Amino acid sequence: MRNIFDTHAHYASRRFDADRAALLDALPQGGVVGVLECATHSGDAPQVLALAHAAPYFHAALGIHPESLIEEDAPTVAVYGGDWRAELAAMRPLFDDPAVVAVGEIGLDHHWPVPRQQQYELFEAQLQLAAELDLPVSVHDRDAHAEMYELLRKYKPRGVLHCYSGSAEDAAWLTAQGLYLGFGGAVTYKGAKRAAKVLAAIDPQWALLETDCPYMAPEPVRGTRNDSRNIAHVAAYIGTLWQMDAQQVLDLTAANARRCFNIV
C-alpha cells in the first residue's frame, strides 16, 4: 500500500520514546506520505513542532485538549494552575511556524469529569483563534454533540471532526457546512455499525483516515500500539463499503487530507 495520509497522530506520546526515530524512518517505507501530528497542550507543542521540522511528511496541529484541564501532569494544571487563557497566550507565537497547518487537538469531552463551562470557553476561544489565523481545526468530540454542534454552527470552522462518532443525519449537515469527518481503527471493530452507516451515506470526498496513535489499532492488530501504517487495514474495510479497493480509498482520502489542511 502507498499514499497513506494519517490525519491524527500523537507520536510525541511517551509510548514511542523507545523507538521513535527508527519508527519514523520506517513509516515512508510502509507507504506513509503524510502525518498530522497533534499537540494536546503547551507541554508537547515543542516536540510536535520538532517532529514536523525533522520529517518532511509531518505537519503540526497545536492546541489545548479539554482533558488537559484535569490532568495533573499537564502544564495547563501543573504550570498554569488551570489558567488556560495564559497558556494559550504563551502558545500563540508558535502558530507562526509554517509547519503548523491546523489548530488542534481541541474540542469538548463529557466522558471525563472536565468542568463543562471551562472546556466550552476554551474550545470557543480556540475556534476564534483558528478563524483569526485562517487555519482549519482538528476537533475532539466525545459525548458532547449538543454543545459541539452549537459551536460548529456558530463559527463554521474548516477542518475535521476527528474520530467521528455522530449520526449519518448529522454527518449530512456537517459536511454540507464544509467539515471533513475522520475515521480510524474503531470503524473496523465488530460493534461499529453507526460508523458503517455514516461511511455508506456520505460523499467520500469528506472522509479522512487517521490513527489517533498510539491508540485504537484496527482489526486485525487491535490491542497493539498503533501507527500510521495500520491505516491500510482501515482503507481495506472502508473499500468494502465504497466498492473500491484499498488503494483507491487511500488515494482519495490522501487527496482529501491535502485539501482539508491546504497541504501542497
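Anything mentioned here points back to the structure above.
Right, let's walk through the structure included here. These figures come from a predicted structure and were not determined experimentally.

### Here's the deal with the packing of aromatic side chains
Item 1. The final tally for this structure, using the stated rule, is six aromatic pairs.
Item 2. The interplanar angle of 65° and the centroid separation of 5.1 Å between the aromatic rings of Tyr57 and Phe58 together place this pair among those described as edge-to-face. Accessibility assignment for this pair places Tyr57 and Phe58 in one class, buried.
Item 3. Connected via pairs of aromatic rings, a cluster forms that spans Tyr11, Phe16, Tyr57 and Phe58.
Item 4. In this arrangement the basic side chain of Arg153 is found over the ring face of Trp173, its NZ or CZ atom lying 3.9 Å from the centre.
Item 5. The aromatic ring of Tyr189 is capped on one face by Arg222, whose charged end is 3.6 Å from the ring centroid.

### Here's the deal with the pairing of strand β1 (residues 4-9)
Item 1. In terms of burial, β1 is a largely internal element, six of the six residues being buried.
Item 2. Looking at chain direction, β1 and strand β2 (residues 32-38) are connected through four bridges and run parallel. The partner of Ala9 across the bridge, within β2, is Glu37.
Item 3. Each parallel crossover has a hand, and the one from β1 via helix α1 (residues 20-26) to β2 is right-handed.

### Here's the deal with empty space enclosed by the protein
Item 1. Inspection of the entire model under this criterion finds one cavity of 30 Å³ or more.
Item 2. Of the pockets and cavities examined, the largest cavity occupies roughly 40 Å³.
Item 3. Lining the largest cavity, in full, are Asp141, His145, Tyr149, Leu161, His162, Cys163, Tyr164, Ser165 and Gly166.
Item 4. Tallied by class, residues from the lining of the largest cavity come to four nonpolar, four polar and one charged.

### A short note on the nonpolar core
Item 1. If you look at the biggest cluster of nonpolar residues, it comprises 74 residues, and the most contacted ones within it are Tyr11, Phe58, Leu62, Phe123, Tyr164 and Phe183.
Item 2. Ranked by residues supplied to this core, first place goes to helix α5 (residues 116-133) with seven residues.
Item 3. Formed by 15 residues, the second largest nonpolar core is a distinct cluster that contains Leu36, Val101, Phe261 and Ile263.

### A closer look at the layout of surface pockets
Item 1. Estimates place the volume of the largest pocket at around 1200 Å³.
Item 2. If you trace the largest pocket, you find 41 residues lining it, with His10, His65, Glu105, Asp212 and Tyr215 closest to the centre.
Item 3. Listed by contribution, the elements that provide at least two residues to the lining of the largest pocket are β2, β5 (137-142), β7 (179-183) and α8 (193-201).
Item 4. Element by element, the count of residues in the lining of the largest pocket is highest for β5, at three residues.
Item 5. When the residues that make up the lining of the largest pocket are grouped by side-chain class, the tally is 12 nonpolar, 15 polar and 14 charged.

So, how was this worked out
- Residues numbered from 1 in each chain as written.
- Predicted model: local features only at pLDDT ≥ 70, side-chain atom pairs only at ≥ 80, totals over all residues.
- Heavy atoms only, no water.
- Phe/Tyr/Trp six-rings, centres within 6.5 Å; stacked < 30°, edge-to-face > 60°.
- Buried < 20%, exposed > 50% of the residue type's maximum accessible area, 1.4 Å probe, protein only.
- Lys NZ or Arg CZ within 6 Å of the ring centre and 35° of its normal.
- Helix = DSSP H or I, 4+ residues; strand = E, 2+ residues; numbered from the N terminus.
- Pairing = 2+ DSSP bridges.
- Right-handed = clockwise from strand over helix to strand, strands pointing away.
- 1 Å grid on protein atoms, 1.4 Å probe; cavity = no way out; pocket = protein on both sides within 12 Å on 5 of 7 lines; lining within 4 Å.
- Points joined across faces, edges and corners; volume = space filled by probe spheres on them.
- Nonpolar A, V, L, I, M, F, W, Y, C, P; charged D, E, K, R; others polar.
- Core = buried A, V, L, I, M, F, W, Y, C linked by side-chain atoms within 4.5 Å.

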